[in-house]
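# Breakdown of the fold
For reference, the chains in residue letters:
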Amino acid sequence: WDRSGLYFAVRVEGKGGFHADPHKPSAGDCLHVWIDTRDVRDARRASRYCHHFSFLPEGGGPRGTRPVAAQERIALAREHAATADLKCIRVASRIERSRRRYAMEVALPAAALTGYDPGICSRIGFTYLLYDAALGTQSWSAGPDLPVAYDPSLWGTAELVS
């Protein structure tokens, strides 16, 4: 992280196959990230400061080989975050089919995150789900068996320290 935004990277190894569908991100290889730029711990419904982004290592572009960034609305939210300009989000991926792995890096700028200001609020609500069609799901604070997709009180807290 820095004042200009948040950064994420994943590396997935041991894949049996690759699948990414921008129309159904959770049906294949996808990183979901939820962020609450105000880290309101007792809110069970998302506010305008809560964001849900999906990142796919491929599936975009004319041949489906480019990485994809998408913003999704959070179900049951009291208010929805402003729609981000997806062109300002940078996603890079490297897929090595012969080695059965991929790596993906994401630069999520402050302009895409309503209320992001580490000088005012140095803690953010955060969680992720890494879906893989072959390997299953990895999560940080709570798994998909709980309503993590729309209940920010289930997200963890990340402290932005320098």
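Our structure is the block above this text.
Let me sum up the structure you'll find in this document. Each chain carries its own residue numbering, running from 1 in the direction its sequence is written. In keeping with the predicted nature of the model, local features appear solely for residues at pLDDT of at least 70, side-chain atom pairs appear and are counted solely at 80 or more, and the whole-chain, interface and lining totals rest on all residues. Side-chain measures here rest on the full set of heavy atoms in the structure, leaving out hydrogens and waters.

The next thing to look at is the pattern of salt bridges. One speaks of a salt bridge when a side-chain nitrogen belonging to Lys or Arg is within 4 Å of a carboxyl oxygen belonging to Asp or Glu. Inspection of every chain in the model, using the stated rule, returns 11 salt bridges. The partner of Arg-41 in a salt bridge is Asp-39, and the shortest N-O contact between them spans 3.1 Å. For Asp-39, a relative accessible area of 7% translates into the label buried. Among the salt bridges present, the one from Arg-101 reaches Glu-96, with a minimum N-O distance of 2.9 Å. Taken as a pair, Arg-101 and Glu-96 share a single burial class, namely buried. Linked by salt bridges that have partners in common, Arg-94, Glu-96, Arg-99 and Arg-101 make up one network. Classification of residues uses two cut-offs on accessible area relative to the type maximum, computed with a 1.4 Å probe and protein chains only: under 20% is buried, over 50% is exposed, and between them is partly exposed.

Okay, the state of the cysteines next. In this description, a disulfide is simply a cysteine sulfur pair whose atoms lie within 2.5 Å. Under the criterion given, the structure shown has zero disulfides. The structure places no disulfide on Cys-30, whose sulfur is separated from the nearest cysteine sulfur, that of Cys-88, by 18 Å.

Before going further, it helps to examine the sheet that holds strand S6 (residues 101-109). A pair of strands counts as paired when DSSP detects no fewer than two bridges linking them. In this text, helices come from DSSP runs of H or I with a minimum length of four residues, and strands from runs of E with a minimum of two, each type numbered from the N-terminal end. Spatial ordering of the open sheet is given by S1-S6-S5, a layout of three strands whose pairing is antiparallel. Strands at the two margins of the open sheet, each flanked by one partner only, are strand S1 (5-13) and strand S5 (90-96). If you compare each strand with its neighbour and ignore which way they point, the axes differ by 5 degrees on average. As defined by bridge partners, S1 adjoins S6 across nine bridges and the pair is classed as antiparallel. When the sheet's bridge partners are listed, Gly-5 is paired in S6 with Pro-109. For every element, the axis is a line fit to its C-alpha atoms; helices are fit only across the contacting stretch, and the angle between N-to-C directions ranges from 0 to 180 degrees.

One broad trend across soluble globular proteins is that nonpolar side chains are buried collectively. Core analysis: the biggest nonpolar cluster contains 25 residues, and Ile-35, Phe-55 and Ile-89 have the highest contact counts within it. Mapped onto this core, the elements with two or more residues apiece are S1, strand S2 (30-36), strand S3 (50-60), S6 and strand S7 (123-132). Residues count as neighbours in contact if any of their non-hydrogen atoms are within 4.5 Å of one another. The residues touching Phe-55, leaving out its near neighbours within four places in the chain, are Cys-30, Leu-31, Val-33, Val-68, Ala-69, Ile-89, Val-91, Met-104 and Val-106. Side-chain atoms within 4.5 Å link the members of a nonpolar core, which is a set of buried Ala, Val, Leu, Ile, Met, Phe, Trp, Tyr and Cys residues. By size, the runner-up hydrophobic cluster in this structure holds 10 residues, among which are Ala-77, Leu-129, Tyr-131 and Val-148.

It is worth spelling out unusual backbone geometry at this point. Most of the time, phi is negative for any residue but glycine, and the peptide bond is trans. Unusually for a residue other than glycine, Leu-76 sits at a positive phi of about 65 degrees. Note that Leu-76 resides in the loop between strand S4 (66-72) and S5. For Leu-76, a relative accessible area of 55% gives the class exposed. Even without being glycine, Arg-100 reaches a positive phi, approximately 60 degrees.

Attention shifts here to the pairing of S7. With nine of its 10 residues buried, S7 lies for the most part within the structure. Relative to S7, S2 runs antiparallel, the two being bridged by seven bridges. What sits directly across from Leu-31, in S7, is Leu-130. Two elements, S7 and strand S9 (residues 156-159), share four bridges in a ladder whose sense is antiparallel.

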